[in-house]
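Listed here are the chains, written in short residue letters.
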Amino acid sequence: MKSTTHADKTEKVGITLPISLVKQTDKVREDVPRSTYIRRAIENYLKQGKTH
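**Re the overall build of the protein chain**
Now for step 1: Along the protein chain, the regular secondary structure elements total two helices and zero strands.
Now for step 2: Taken across its 52 residues, the protein chain has 8% of its residues classed as buried.

**Some details on the pattern of salt bridges**
Now for step 1: One pass over the full model with this rule turns up three salt bridges.
Now for step 2: For Arg-29, the salt bridge is made with Asp-26, and the minimal N-O distance between the two is 2.7 Å. Highlighted residues: Arg-29 and Asp-26, both in helix α1 (residues 19-29), separated by three residues, approximately one helical turn.
Now for step 3: Judged by its relative accessible area of 25%, Asp-26 is partly exposed.
Now for step 4: Asp-26 serves as the salt-bridge partner of Arg-34, at 2.7 Å between the closest nitrogen and oxygen.

**Some points on a nonpolar patch on the surface**
Now for step 1: A cluster of nonpolar side chains, Val-13, Ile-15, Leu-17 and Leu-21, forms an exposed patch at the surface whose accessible area comes to about 360 Å².
Now for step 2: Checked against the element boundaries, Leu-17 lands in the segment before α1.

**Concerning the packing of α1 against helix α2 (residues 34-47)**
Now for step 1: Where α1 meets α2, the axes come as close as 10 Å, and the angle between the chain directions of the two elements is 95°. Regarding the angle of α1 to α2, the classification is roughly perpendicular. Contacts between α1 and α2 pair Val-22, Thr-25, Asp-26, Val-28 and Arg-29 from the former with Arg-34, Tyr-37 and Ile-38 from the latter.
Now for step 2: Broken down by class, the residue content of the contact of α1 with α2 amounts to four nonpolar, one polar and three charged.

**Points about unusual backbone geometry**
Now for step 1: Located in the positive-phi region is Glu-30, a residue other than glycine, with phi close to 55°.
Now for step 2: Here Glu-30 lies in the loop between α1 and α2.

Rules of the game
- Residues numbered from 1 in each chain as written.
- Predicted model: local features only at pLDDT ≥ 70, side-chain atom pairs only at ≥ 80, totals over all residues.
- Heavy atoms only, no water.
- Helix = DSSP H or I, 4+ residues; strand = E, 2+ residues; numbered from the N terminus.
- Buried < 20%, exposed > 50% of the residue type's maximum accessible area, 1.4 Å probe, protein only.
- Salt bridge = Lys/Arg side-chain N within 4 Å of Asp/Glu carboxyl O.
- Patch = residues over 30% accessible without salt bridge, like charges linked within 9 Å, V, L, I, M, F, W, Y side chains within 5 Å.
- Areas by Shrake-Rupley, 256 points an atom, 1.4 Å probe, with all protein chains shown as cover.
- Axes fitted to C-alpha atoms, helices over the stretch in contact; angles between N-to-C directions.
- Parallel < 35°, antiparallel > 145°, perpendicular 65-115°, else oblique.
- Contact = heavy atoms within 4.5 Å.
- Nonpolar A, V, L, I, M, F, W, Y, C, P; charged D, E, K, R; others polar.

See the structure below:
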């Protein structure tokens, strides 16, 4: 899997997450925008080959 680039088109999606997960994410992401942090987390997960 290759990483996304600035040339990639984006699509807005809505996801539902437990409040506890949002709070945990916000604590560790620091000044990185939430969407960027989540995108990178998904990319890293997929790179590890942990897809179902």
